[in-house]
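Single-letter residue listing:
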Amino acid sequence: MKAKGGLLLTAIVLLAFPVGALADEPSPTVLANTCFSCHGTDGKSPGAMPSLDEKSASYIAQTLREFRSDEIENTVMSRIAKGFSDAEIDALAEQLGRK
Ligand code: HEC
């Protein structure tokens, strides 16, 4: 009864997922996906947009905080940065920064 086992597994995974999604820990991969539409896949920009993968994590974290507090005036990034907590900014910087 392979198919039934598969269905049961699917049901378990589907039931378990929302619980995981409610966890407070931000998923760095999911957070970073929102940046790729402008900064290029994995932060490697193909055009005029700054590449993020060349920057250090500390630079990205500091710059995002400066956008968020309007220390750096920038309409697009200021609005985006305001959506993230300190923990999320650190997770993003770690995920995107130069390895
Ligand atoms: C709507 C397009 C857009 C999205 C989405 C976006 N950015 Fe940006 N970002 C920009 C633009 C445009 C600049 C250049 C700002 C400038 O030069 O003043 C920039 C600049 C930056 C900089 C500064 C780079 C430097 O060279 O100093 C960082 C860091 C950054 N973005 C991080 C992020 C992160 C992290 C995300 C995802 C959470 C993100 N951005 C999502 C458009 C975007």
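K.L.:
Can you lay out the overall build of the chain for me, pointing to particular residues and giving the numbers?
P.N.:
Across its full length, the chain carries five helices and zero strands. Going from the N terminus to the C terminus, the chain shows its helices and strands as α-α-α-α-α. The buried share of the chain, taken over its 99 residues, is 15%. Put simply, 54% of the contacts in the chain that link residues at least 6 apart link residues at least 24 apart.

K.L.:
Mind laying out the site of the ligand, listing which residues take part and the relevant values?
P.N.:
Around the ligand lies a shell of 17 residues, among which C35, C38, P50, T63 and N74 are the nearest. Broken down by secondary-structure element, the contributors of at least two residues to the shell around the ligand are α2 (28-39), α3 (57-68), α4 (75-81) and α5 (86-96). With five residues, the top contributor of residues to the shell around the ligand is α2. Taken together, the residues that form the shell around the ligand break down as 12 nonpolar, five polar and no charged.

K.L.:
Before we move on, can you summarise the confidence of the model for the chain with the specific residues and values?
P.N.:
Confidence in the prediction of the chain, expressed as mean pLDDT, is 85, and 75% of residues score 70 or more. When the elements of the chain are averaged for pLDDT, helix α1 (residues 2-21) gives the smallest value, 57, and α3 the largest, 98.

The rules we used
Residues numbered from 1 in each chain as written. Predicted model: local features only at pLDDT ≥ 70, side-chain atom pairs only at ≥ 80, totals over all residues. Helix = DSSP H or I, 4+ residues; strand = E, 2+ residues; numbered from the N terminus. Buried ≥ 20, exposed ≤ 12 C-beta atoms within 10 Å, placed from the backbone. Contact = placed C-beta atoms within 7 Å. Near = placed C-beta within 6 Å. Nonpolar A, V, L, I, M, F, W, Y, C, P; charged D, E, K, R; others polar. pLDDT = per-residue confidence, 0-100.

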